[in-house]
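As a plain string of letters, each chain reads:
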Amino acid sequence: MQMIQAIRASIAIVVSRWVATVLRWTGRAGTSLPGLVATRISPQLVHRLLRQLDTCVLVTGTNGKTTTTEYLHALLSQDADRWLVNRGGANLLQGLLAALLTVSDARGRLRIRRAVLEVDEATLPLIAQSAHPRLVVLTNVMRDQLDRYGEIDQTLALLNRGLSDPSVTLVANADDPLCAALAEGRMDTVLYGFSSEVATPGCPDGVRDGAFCLKCGAELTYAGYFYGQFGMYECGHCGFGRVEPHFTGRVSSCDGFRQLEVEEVARRTSIQYSVALGLSGLYNAYNLLAAVAAARTLGVAPDRLNEGVARFSPPIGRMQVFPGDPESVLALIKNPAGANSVLRALIQDPREMAVCFAINDQDADGRDVSWLWDVDVEDFVATVTCQRFYCAGTRAADMALRLAYAGVPRERVTVLAALDDVTGIACGGQVQVLYVLSTYTALHPLAERLPRRLGLRRMVSEEVHA
Amino acid sequence: MTRAIKVAHLFPELLNLYADQGNLAVLCQRGARRDVSVEVVPVRLGDPLQLGDFDLLLLGGGSDREQAVVARELFRYADDIKAGIELELPVLAVCGGYQLLGQYYELPDGTRIPGLGAVDVVTKAGPANQRLIGNVAITWDHGSARDHNTVVGFENHGGRTFHDYNALGKVIRGHGNNGVDGKEGIVYKGVIGTYIHGPLLPKNPHVADFLLQRALRYRGHPDHLDDLDDGLEWLAHGTVLRMLSIKTGDQGVTI
Ligand SMILES: [Zn+2]
C-alpha cells in the first residue's frame, strides 16, 4: 500500500511538471492546473510534501488572506532566507500543491522547507495535521456570499476543527468578536487590533455576524467601532469582550506617506515602531498589522520590517493602480463585508471619480448575486462624488438595478455589453480617477485590459498630433 | 390624496439571509413613484406585533439557529396571523419564512418542528448534501403583467415543500418547491410564499406591483398603479431567462 502510494506520488509529480512546462510554453503559468492534475493522480501527495516543511505558517479568514500572505512573505524573506508562498489566492488543496510542486525535485523532496501559505477556511482542517503549522494567522470571520445558508456557523466549525491542535500559536484579530471567541482559552495566542482611540464611538449599524455573543448568544454592545463588526465589543450577559491586543495599530500620515504605527506589548514592556503602508483602505492596514504581528512572533527584528515591506508587491486587483488619463484603480469585491471596506476606501478619496462594477456569477464569484443587496451602496452613493456609474460582467443589469434602488438616477448608470467595453470608458474632463470594482473571475481579464486604457489615450493623442 | 400602507418587516436582525431589504426598497420606491407612501416598520425580537396596524407582512429566511428563535417568538401570534391571512392580509414569505408559515418542518429522523400552521403546507428535509440550488424561472399568471409571464431568481434550499394550493408558478427551469411536482411557491389569498430570492422583487417588478395592489386593497385604497419605466428591471430579468436558455417573444415566454 505504501509502495503504491509512493508510485502514484512519483507519477503525479512527473505529470504535473509536464503540465506546468506546457503551461509555461503557452504563457499560462501560475494556475492551479498542475496541482489539480497531481491531486487527481495522488491525493496523498500534498500531505507528503507538507510534512516535509520545517516551518509552516498558514493564513486563513474570510477577507484579506491574499494581501496578508503577501505582506508576511515580504516581511519574512530577508536576504538569504527563502520562503515558499502560494500566490494569487490559490488557497485550495490543488493551489497549495501547485505551489509546493514548484520547489519539489523529481523524487518529491522539497528544496525549500519554510512556507507561508494562504488557506481557505474549508481547506484548513484538511491540511492542519500534515502541515503542522508553527503559526496560524486568522484575519477575520465574516459572511461570504457563497452558499449563504447558515454559513457563519459552518465556517466557525471548520476553523475550530482546523485549530484543534492546542500547540499551534494563533495570531488573531482582537477587534473581531468572532475571531476573538475562537482565540479564547487557547494556550498560545497573539492578538492584534487597532487603537481604541481611533474608534468611532457608538455601535456599528447593520452588524450581523458579530452581533451576538458566540459564548452565550446574547446581543453584544459596542463602546466604539472601526468598521463592520470590528470594534470594542462586550457581552453584558457573560462578560466576554475585547481584550487589549499585544500589537496595537494606528494609521498616521506624514508628508503624504502613510504609516502604520505599532505599539507592541510583551512581558509588561512596550516598544513602538512604524511601518510604511503602501495600500490605501483601513482593511489593508489590518492586513499589514496581522503580518507584522506574525513576523514579530517569528522573530523578525523591528528595524528590519521596513526593508521587508519594501519588497511587498500588492496582489492583483487589491487597489491596483493603472496609469492613464485618468488613472484607473482595480479592486476585488467578493462579499458584502469586503465590498463595504472597499467602498469606505473610495469615500476617503476626495477626487472626482467614475465607478465601474464588474459583477460575474461563475462558481468562484458566487452564483447567487443576492449579496449585492447586502452591500451598503446607499451610504456610498450618498457620500461619494461620482459622476457616472458603469456596470459590466454577466450580472451587470443586477448591479445597475442595485444602484438605481440605492438612489442613483437611472440616466447616470450605463450597462456595458461586454467586459472589453471597460477599456473604452471615456471619463468626462473633470473625472480624476476611474475605480473598477470586480468580482473574482472578472479580475484577471480586467487587469489585462485596464493597461490598454493608457494605450487608447496615447493612440488618440498621436492621431491628433499627426 | 396620498395613499399610505404599512409594512411589517419581521425580525430583520435574524431573518435577512437573502437580502430582504432589497424587497423592501423596491416596495417603497415603486410606491413612492406612484404617490403611495410605504412605511416599513422593523419588528424586532421582543417587540409587540400589532397585526392590525399592518397591510403587508414580510417574513424572510435565516439560518436554522435563527429560524428556531423566530418560530418560538411567532407562536404567540400564530392565531392572529392565521386570522389575518383568512381576511386577505398580504404576506410575502421567502425561503425559511415560507416554510415557517406551514404546518411543520420534518427532519430526516422524523422529528417535526412545528410551524405557524397558517397555511396547510408541509416541508421535509431533503437528503443530506442535496440542496436545490441555482437560477430558477417559473410561469406567472396572477397579475396584469401583459407581456411578462415569468418570474426569475435564485433558489437555495434543503427542504422539500408540498401543498395543494395554487403555486406561485410552474417551474420552467430549476427545482421549485420540491424538485418533483413542478410547482414553485404558493399563492393563497394575499399570501405569496416562495423559495425564489435574488432578492425576489427587484427583477420581478410585476410581482412587486401585485403585492402593492393587494396591500392597497387590504387598506381600502384604490389599487390603480401607473406604469413605470422598468427598462433595467426587465434587462436583469431577461439576463436570467437568457442564462437559462429560455426564449422570449413579444407575448413574453411561450410556455
Ligand atoms: Zn456572552
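These numbers were taken from a predicted model, which means no experiment stands behind them.

Enquirer: Any chance you could explain the overall build of chain A here in plain terms?
Expert: When helices and strands are tallied, chain A shows 15 helices and 18 strands. By the compact-globule yardstick of 23 Å for 466 residues, chain A fits well, its C-alpha radius of gyration being 23 Å. The dimensions of chain A, computed from C-alpha atoms along their principal axes, are 65 × 60 × 45 Å. Within the span of chain A, comprising 466 residues, buried residues form 56% of the whole. A separation of at least 24 residues holds for 71% of the contacts in chain A among residues at least 6 apart in sequence. Total accessible area on chain A stands at roughly 19800 Å², and carbon and sulfur atoms take up 52% of it. Across chain A, 45 positive and 48 negative side-chain charges occur, with their mean positions spaced 9 Å apart.

Enquirer: Any chance you could explain the interface of chain B and chain A here in plain terms?
Expert: A common way to report how large an interface is uses the accessible area buried once the components associate. Listed as interface residues are 36 residues of chain B and, on the opposing side, 25 residues of chain A. The tally of links between chain B and chain A comes to two salt bridges. With a shortest N-O distance of 2.6 Å, D398(A) and K203(B) are connected by a salt bridge. Inspection of the chain B/chain A interface yields nine residue pairs in polar contact (both at pLDDT 80 or more). Elements supplying a minimum of two residues to the side of chain B that touches chain A: helix 1 (20-32), helix 2 (64-74), strand 8 (132-139), strand 9 (150-157) and helix 6 (231-243) of chain B. Considering every element that reaches the side of chain B that touches chain A, the biggest residue donor is helix 6 of chain B, with seven residues.

Enquirer: What am I meant to see in the domain arrangement of chain A here?
Expert: Residues and elements named next belong to chain A. For chain A, the assigned domains read domain 1 (2-311) and domain 2 (318-465). Domain 1 and domain 2 are separated by 28 Å when their C-alpha centres are compared. Counting residues at the interface gives 19 residues for domain 1, matched by 19 residues for domain 2. Buried area between domain 1 and domain 2, summed over both chains or domains, comes out near 1400 Å², and the portion from carbon and sulfur atoms is 50%. Taken together, the links from domain 1 to domain 2 amount to zero salt bridges. For the pair domain 1 and domain 2, the interface holds four residue pairs in polar contact (both at pLDDT 80 or more). Looking at the side of domain 1 that touches domain 2, the elements with two or more residues in it are helix 4 (65-76) and helix 9 (282-297). Element by element, the count of residues in the side of domain 1 that touches domain 2 is highest for helix 4, at three residues. When grouped by side-chain class, the residues that make up the side of domain 1 that touches domain 2 number five nonpolar, 10 polar and four charged.

Enquirer: Help me understand the pairing of strand 15 (residues 353-358) of chain A, please; the structure alone is not making it clear to me.
Expert: On a regular strand, one side chain projects to one face of the sheet and the next to the other, so that they alternate. Residue and element names in this part refer to chain A. Counting buried positions along strand 15 gives six out of six residues, so the element sits mostly inside the fold. Alternating positions in strand 15 separate into two faces, M353, V355 and F357 on one and A354, C356 and A358 on the other, with burial throughout. Where strand 15 meets strand 16 (residues 386-392), five bridges bridge the pair, whose relative direction is parallel. Pairing of F357 across the sheet is with C391, part of strand 16. With helix 12 (residues 377-383) bridging strand 15 and the parallel strand 16, this β-α-β connection has right-handed handedness. Bridge analysis of strand 15 against strand 18 (residues 433-438) gives six bridges, and the strand direction is parallel. Note on strand 18: the bridge partner recorded for A354 is L434.

Enquirer: So what exactly am I meant to see when it comes to the packing of aromatic side chains here?
Expert: Aromatic ring pairs: the centre-centre distance and the angle between the two ring planes describe each pair. Under the definition given, this model contains 12 aromatic pairs over all chains. Taken together, a centroid distance of 6.2 Å and an interplanar angle of 65 degrees make the contact between Y222(A) and Y233(A) edge-to-face. Highlighted residues: Y222(A) in strand 8 (residues 220-227) and Y233(A) in strand 9 (residues 230-235), separated in sequence by 11 residues. Like Y222(A), the residue Y233(A) is buried in the burial classification. When the ring of W140(B) is compared with that of F210(B), the centres are 5.4 Å apart and the planes differ by 90 degrees; the resulting orientation is edge-to-face. Of this pair, W140(B) sits in the loop between strand 8 and strand 9 while F210(B) sits in helix 5 (residues 205-219), and the two are 70 residues apart along the sequence.

Enquirer: What am I meant to see in the sheet that holds strand 12 (residues 183-184) of chain B here?
Expert: Picture the strands of a sheet paired through backbone hydrogen bonds; they go either parallel or antiparallel. Residue and element names in this part refer to chain B. A sheet is described by the order of its strands in space; here four strands give the open sequence 9-8-11-12, paired in antiparallel fashion. Each edge of the sheet is formed by a strand with only one pairing partner; in this case those strands are strand 9 and strand 12. Here strand 8 runs beside strand 9; their pairing, made up of eight bridges, is antiparallel. Directly across from N135, in strand 9, lies its bridge partner F154.

Enquirer: Looking at this model, I keep getting lost on a nonpolar patch on the surface. Mind explaining?
Expert: On the surface, M3(A), I4(A), I7(A) and I11(A) cluster together into a nonpolar patch covering about 390 Å² of accessible area. With respect to the helices, strands and loops of the structure, I11(A) is situated in helix 1 (residues 2-25).

Enquirer: For this particular structure, what's the right way to read the nonpolar core?
Expert: Considering soluble globular proteins, one finds that nonpolar side chains tend to be buried as a cluster. Residue and element names in this part refer to chain A. L72, V355, F357, F389, L403 and L437 are the most contacted members of the largest nonpolar core, which has 116 residues in total. The dominant element in this core, judged by the number of residues it contributes, is helix 9, at 11 residues. For this core, the domains that each give at least three residues are domain 1 (2-311) and domain 2 (318-465). If we skip the residues at most four places from it in the chain, L403 touches F357, V377, V381, F389, C391, V408 and V413.

Enquirer: Explain the sheet that holds strand 13 (residues 318-322) of chain A to me, please; I cannot follow it from the model alone.
Expert: Residues and elements named next belong to chain A. In spatial order, the strands read 13-14-18-15-16-17; together these six strands make up an open sheet with mixed pairing. Either end of the sheet is taken by a strand with one partner, and the two such strands are strand 13 and strand 17 (413-415). The average angle at which neighbouring strand axes cross in this sheet is 20 degrees, direction not considered.

Enquirer: Help me out: how do you make sense of the coordination of the zinc ion in this one?
Expert: Six octahedral donors at a metal ideally form angles of 90 or 180 degrees, and four tetrahedral donors ideally form angles of 109.5 degrees. Residue and element names in this part refer to chain A. The zinc ion binds to the protein through C213 (SG), C216 (SG), C235 (SG) and C238 (SG), with metal-donor distances spanning 2.3 to 2.4 Å. Ordering the donors of the zinc ion by residue number gives the pattern C-x2-C-x18-C-x2-C. Taken together, the positions of C213 in the loop between strand 7 (200-201) and strand 8 and C238 in the loop between strand 9 and strand 10 (247-254) put the pair 25 residues apart, joining distant regions of the chain. Judged by its relative accessible area of 40%, C238 is partly exposed.

Enquirer: Is there a simple way to explain the pattern of salt bridges in this structure?
Expert: If the charged atoms of two oppositely charged side chains come close together, the side chains can form a pair. Applying the stated criterion to the full structure yields 27 salt bridges over all chains. Among the ionic pairs, R112(B) bridges to E106(B), the shortest N-O distance being 3.0 Å. Classification of R112(B) by relative accessible area gives partly exposed; the value is 48%. Here the salt bridges share partners, and the residues they tie into one network are R410(A), R30(B), R34(B), D209(B), D230(B) and E233(B).

Reading the values: rules and limits
- Residues numbered from 1 in each chain as written.
- Chains lettered and ligands numbered in written order.
- Predicted model: local features only at pLDDT ≥ 70, side-chain atom pairs only at ≥ 80, totals over all residues.
- Heavy atoms only, no water.
- Helix = DSSP H or I, 4+ residues; strand = E, 2+ residues; numbered from the N terminus.
- Rg over C-alpha atoms; globule rule 2.2 N^0.38 Å.
- Buried < 20%, exposed > 50% of the residue type's maximum accessible area, 1.4 Å probe, protein only.
- Contact = heavy atoms within 4.5 Å.
- Areas by Shrake-Rupley, 256 points an atom, 1.4 Å probe, with all protein chains shown as cover.
- Lys, Arg positive; Asp, Glu negative; His and termini not counted.
- Charge placed at Lys NZ, Arg CZ, Asp CG, Glu CD.
- Salt bridge = Lys/Arg side-chain N within 4 Å of Asp/Glu carboxyl O.
- Polar contact = N/O pair within 3.5 Å; in protein donor to acceptor, adjacent residues only side chain to side chain.
- Domains from an automatic or database assignment.
- Buried area = accessible area lost by both parts, 1.4 Å probe.
- Nonpolar A, V, L, I, M, F, W, Y, C, P; charged D, E, K, R; others polar.
- Pairing = 2+ DSSP bridges.
- Right-handed = clockwise from strand over helix to strand, strands pointing away.
- Phe/Tyr/Trp six-rings, centres within 6.5 Å; stacked < 30°, edge-to-face > 60°.
- Patch = residues over 30% accessible without salt bridge, like charges linked within 9 Å, V, L, I, M, F, W, Y side chains within 5 Å.
- Core = buried A, V, L, I, M, F, W, Y, C linked by side-chain atoms within 4.5 Å.
- Axes fitted to C-alpha atoms, helices over the stretch in contact; angles between N-to-C directions.
- Donors = N, O, S within 2.8 Å, 3.2 Å for Na, K, Ca; no water.

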